[in-house]
Amino acid sequence: MMVTPDLVLLDGEVLTADARFRVARALAITGGTISAVGATEEIRALAGPRTQVVDLRGRTALPGVNDSHLHGCAFGSTRPPLALDLGFPAVRSIADIREAVREAASRTPEGEWIRGNGWDTGYLAECADGARTPDRADLDAAAPAHPVYLQDFSGHLTWVNSRALELAGVDASTPAPEGGVVHTDGAGNPTGLLAEGAQELIQRHLPAFTRADVERAIRAAVAVLHREGITSFTEPGLGPGGASLFAGASGQLTLDVYGDLARAGDLAARVSVLLLLTGMGGSAAEIAEGLANAKVPRDVDPRILRVLGVKVFADGTPPNRTAWMHQEYEGGGGFGCLCVHGAADALRTRELTEMIRLAHVAGHQLGVHVTGDRALDAVVDAFEAAQVEHPRDDPRHYVIHADLPGAQSLRKLAAHGFGANMNPAIQWTIADLVEELLGPERAAYQFPVRSAVEAGIPVTASSDAPVTYPNWRQGVAAMLLRESKASGRTFGPGERVGLPDAVRAYTSNAAWQDFAEDWKGSLEPGKAADVTVLDGTLTALDPHDLPDTPVAMTVFDGRVVHSTEGV
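Description of the structure in this document. (Residues numbered from 1 in each chain as written. Predicted model: local features only at pLDDT ≥ 70, side-chain atom pairs only at ≥ 80, totals over all residues. Heavy atoms only, no water.)

**A short note on the overall build of the chain**
In plain terms, the rule: Strands are runs of DSSP state E lasting at least 2 residues, helices are runs of H or I lasting at least 4, and numbering of each runs from the N terminus. It is over C-alpha atoms that the radius of gyration is taken, and the globule rule equals 2.2 Å times the number of residues to the power 0.38. Think of it in three bands: with a 1.4 Å probe and only protein chains considered, a residue is buried below 20% of the maximum accessible area for its type, exposed above 50%, and partly exposed in between. For the area figures, the Shrake-Rupley method with a 1.4 Å probe applies, and any residue is considered shielded solely by the protein chains shown. Neither His nor the chain ends is counted toward charge; the positive residues are Lys and Arg and the negative residues Asp and Glu. To locate a charge, take NZ of a lysine, CZ of an arginine, CG of an aspartate or CD of a glutamate.
When helices and strands are tallied, the chain shows 18 helices and 24 strands. For the chain, whose C-alpha radius of gyration is 23 Å, the value lies close to the compact-globule estimate of 24 Å for 567 residues. For the chain, the C-alpha atoms occupy an extent of roughly 80 × 55 × 50 Å along the three principal directions. Evaluated residue by residue, the chain yields a buried proportion of 59% over its 567 residues. For the chain, the accessible surface area stands at approximately 20700 Å², while carbon and sulfur atoms represent 50% of it. Looking at the chain, you have 48 positive and 72 negative side-chain charges, and the mean spots of the two groups are 4 Å apart.

Written out as structure tokens, the structure is:
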């Protein structure tokens, strides 16, 4: 007996994102599954009296967008009301941040923490020439009686005031933890900036998020993601190693709350998780202990919530000069280093290799945060060594960010079927700054999507929210244009890709990363009915107009969860 569809979308541009990237005109959804894809009249004929019919009017439908590296709880918790929004364009100067902190202090009981997120020296007027950096004195006058904790857009740099340093016991005699940097002035006193693992010196003193805070943050994030057309995302690091990351939003409690929401049927997104067993500056011993004691949600629908693997931090980021590079930073800024335990490069490399081996042997997929070219070589070599020594069938390890992979590392990733998760919107955001730090050649190469695709690597694209806002249209535009946000200049035109590769990076390739390509990631009969409808015809849009083109509708599991037309 033929079952009539619950929903049909007619007369649009349906980008299937299948192997041939076919374009259809309509689709039908029945019981949470794509039941038919084809011509408008063909699909219209399937509709019954109770079928909901939506006229796309030429708009584009594509598979539900999968942001494959998005800190969902952190995204929700680093926005008002839980934290001040200090990203551009909300703030454009240190003076703006001082005023935001001053206003927060006026309504916050004395002694309580003030949190903020998203500041970026590249967009602070006083820091434009590179001669000025944020300082604790900037915040002291605004909130002398409150400890102030402000994390930058990347999550790798924290700015605090003197009261926060006092509460944390951080002074001129405080050693930086391995893999961390405590910035100091000419007299050796902390300036209020702490990078990478040194952030934990402050973060461990922040009041813990409550279960209610975490649930509120997750629900708020999912609501935003629906408006953006995102139906799947990867939480890249939850567990005991995230107790301090994003002020605690990546801790074990967050994973537990995701499990509660999934079991209750209240998690209206498909969430893949990487376990974070140790934070920045981790060790093989911590990985081993974490693997032995890991707690993952039980009795949940694996199509809603699934723990897939383990995340490891290898190095930092180019803007903080903590990415490990083969060539020195411009102006004699050193080479950076790995951020794992070890007093020398060789020891840290050995430690990283063992961390990766342990997770691989335990049967986990590995997602490794790595940005510098030298660090990428070390990670890819460790992937290869683990797979050669302990062969596994399709582990699908991948490098996260992968700013500057060398040709040899690209070849090795492809040869072993490993992936690369890149962040085109970050490249758009920081290209001009990276040019100052690494020079024009390396800045033009950063996030080499085309080189990776041509090497045969499954490339996924992601926002890394809250590092950038989860606007996948901006990510697609960045891959098509390779232009910068600050100057509009083109960086690395040879690394541009076409629309099919850009769309696949947010759909079918992301499903591959999730081991889910057989049931989601493309608009084909039998696949999950997750659909994003763009308020425009994607193939006809000028890429410059794409970031501001709204999402007209989001369908999750066959249900309309967002619509600008009240559907």
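**Comments concerning helix α7 (residues 211-227)**
Test applied: One less than the residue count of a helix, multiplied by 1.5 Å, gives the span that helix is expected to have.
The terminal C-alpha atoms of α7, which comprises 17 residues, lie 25 Å apart, in line with the 24 Å expected from a rise of 1.5 Å per residue. The complete set of buried residues in α7 reads Val 214, Ala 217, Ile 218, Ala 221, Val 222, Val 224, Leu 225 and His 226. One or two residues past the end of α7 sits Gly 229, with phi positive at roughly 80 degrees.

**Considering unusual backbone geometry**
In this structure, Pro 89 follows Phe 88 across a cis peptide bond, with omega equal to 10 degrees. You can see Pro 89 is positioned in the loop between β9 (84-85) and α3 (94-106). Of note in this structure, Ala 17 is not a glycine but carries a positive phi near 60 degrees. The topology assignment puts Ala 17 in the loop between β2 (13-15) and β3 (23-24).

**Details of the layout of surface pockets**
We apply this condition: Buried and open spaces are told apart on a 1 Å grid over the protein atoms alone, a cavity being a set of points where a 1.4 Å probe fits but cannot get out and a pocket being an open set with protein on both sides within 12 Å along at least five of seven lines. Residues with an atom within 4 Å of a point are the lining residues. Grid points are joined across faces, edges and corners, and a volume is the space filled by probe spheres set on the points. We call Asp, Glu, Lys and Arg charged. Ala, Val, Leu, Ile, Met, Phe, Trp, Tyr, Cys and Pro are nonpolar, and the rest, Gly among them, are polar.
Of the pockets and cavities examined, the largest pocket occupies roughly 820 Å³. Surrounding the largest pocket, 32 residues form its lining, Thr 121, Gly 122, Pro 319, Leu 433 and Leu 437 being those nearest its centre. Elements represented by at least two residues in the lining of the largest pocket include exactly β13 (180-184), β14 (190-196) and α13 (424-438). When grouped by side-chain class, the residues that make up the lining of the largest pocket number 16 nonpolar, 9 polar and 7 charged. Looking at the second largest pocket, it is lined by 23 residues, and the ones nearest its centre are Gly 87, Phe 88, Val 467, Thr 468 and Tyr 469.

**Concerning the packing of aromatic side chains**
In plain terms, the rule: Any pair of Phe, Tyr and Trp rings, taking the six-membered ring for Trp, is counted once the centres come within 6.5 Å. Such a pair is stacked with planes under 30 degrees apart, edge-to-face with planes over 60 apart, and tilted for the rest. Whether a charge sits over a ring depends on NZ of Lys or CZ of Arg being within 6 Å of the ring centre and within 35 degrees of the ring normal.
Under the definition given, this model contains 5 aromatic pairs. Positioned above the aromatic ring of Phe 209, the side-chain terminus of Arg 115 is 4.6 Å from the ring centre. Its end group placed over the ring of Tyr 123, Lys 485 keeps NZ or CZ at 4.9 Å from the ring centre.

**Notes on empty space enclosed by the protein**
In the structure shown here, the tally under the stated rule is 6 cavities of 30 Å³ or more. Approximately 150 Å³ is the volume attributed to the largest cavity. If you trace the largest cavity, you find 17 residues lining it, with Ser 154, Thr 317, His 401, Ile 426 and Asp 464 closest to the centre. Grouping the constituent residues of the lining of the largest cavity by class yields 7 nonpolar, 8 polar and 2 charged.

**Details of the sheet that holds β3**
Applied cut-off: A pair of strands is considered paired only if DSSP assigns at least 2 bridges between the two. Contact criterion: two residues are considered in contact whenever any of their non-hydrogen atoms come within 4.5 Å of each other. Lines fitted to C-alpha atoms define the axes here, with helix axes fitted over just the stretch in contact, and angles between the N-to-C directions of these axes take values from 0 to 180 degrees.
Taking strand neighbours across the sheet as the criterion, the 6 strands line up as β3-β2-β7-β22-β23-β24 in an open arrangement whose pairing is mixed. Since the sheet does not close on itself, it has two edges, and those belong to β3 and β24 (559-563), each with one partner. Pairing of strand β22 (residues 531-534) with strand β23 (residues 551-556), which is carried by 4 bridges, proceeds in the antiparallel orientation. Opposite Leu 534, over in β23, you have Val 551 as the bridge partner. Packed on one face of the sheet, helix α16 (residues 472-481) meets β7 (60-63), β22 and β23 and runs near 70 degrees to β22.

**Some points on the side chain of Asn 117**
Along the chain, Asn 117 turns up in strand β10 (residues 114-119). In contact with Asn 117, not counting residues within four places along its chain, are Thr 78, Leu 84, Asp 85, Leu 86, Gly 87, Gln 151, Asp 152 and Pro 466.

**Topic: the side chain of Thr 174**
Our working definition: Distance and chemistry together define a polar contact, namely a pair of N or O atoms within 3.5 Å, with one atom able to donate a hydrogen and the other to accept it when in protein, and with adjacent residues in sequence counting only for side-chain atoms on both sides.
Turning to its location among the elements, Thr 174 is positioned in the loop between α5 (162-168) and β13. Of note is the side chain of Thr 174, whose polar atom sits 3.3 Å from the backbone oxygen of Gly 169. From its side chain, Thr 174 meets the backbone nitrogen of Asp 171 in a polar contact 2.9 Å long. When sequence neighbours within four positions are dropped, the list of residues in contact with Thr 174 reads Gly 169 and Leu 201.

**Overview of the sheet that holds strand β5 (residues 33-38)**
Each strand in a sheet pairs with another by means of backbone hydrogen bonds, the pair being arranged parallel or else antiparallel. The strand order β5-β4-β1-β6 describes an open sheet built from 4 strands, whose pairing is mixed. Where the open sheet ends on each side, the last strands, each with one partner, are β5 and β6 (52-55). Across the sheet, the mean angle separating the axes of adjacent strands is 15 degrees when strand polarity is ignored. Looking at chain direction, strand β1 (residues 7-10) and strand β4 (residues 26-30) are connected through 3 bridges and run antiparallel. Bridge pairing links Leu 9 to Leu 27 in β4.

**Here's the deal with the pairing of β24**
With 4 bridges connecting them, β23 and β24 associate as antiparallel partners. By the bridge assignment, Val 555 is partnered in β24 with Val 560. Between the end of β23 and the start of β24, which pair antiparallel, lie 2 residues, with Asp 557 showing a positive phi angle near 55 degrees.

**Digging into the environment of Ala 195**
With respect to the helices, strands and loops of the structure, Ala 195 is situated in strand β14. The sequence separation of Ala 195 and Gly 180 amounts to 15 residues, and the corresponding C-alpha distance is 5.7 Å. Those residues in contact with Ala 195 that lie beyond four places of it in its chain are His 156, Leu 157, Gly 180, Val 181 and His 183.

**Details of the pattern of salt bridges**
Short version of the rule: Between Lys or Arg on one side and Asp or Glu on the other, a salt bridge is scored when a side-chain nitrogen of the former is within 4 Å of a carboxyl oxygen of the latter.
Overall, the coordinates contain 29 salt bridges when judged by the stated rule. Taking the shortest distance from any N to any O, the salt bridge between Arg 44 and Glu 41 comes out at 3.3 Å. With Arg 44 and Glu 41 both in helix α1 (residues 40-44) and 3 residues apart, the pair spans about one turn of that helix. Glu 41 gets classed as exposed once you look at its relative accessible area, which sits at 56%. Here Lys 412 makes a salt bridge to Asp 381, at a shortest N to O gap of 2.7 Å. One end of the pair, Lys 412, is in helix α12 (residues 407-415); the other, Asp 381, is in helix α11 (residues 373-389), with 31 residues separating them in the sequence.

**Considerations on α16**
Within α16, 10 of the 10 residues are buried, leaving the element largely enclosed by the surrounding structure. Looking at α16, one finds that the buried residues are Trp 472, Arg 473, Gln 474, Gly 475, Val 476, Ala 477, Ala 478, Met 479, Leu 480 and Leu 481.

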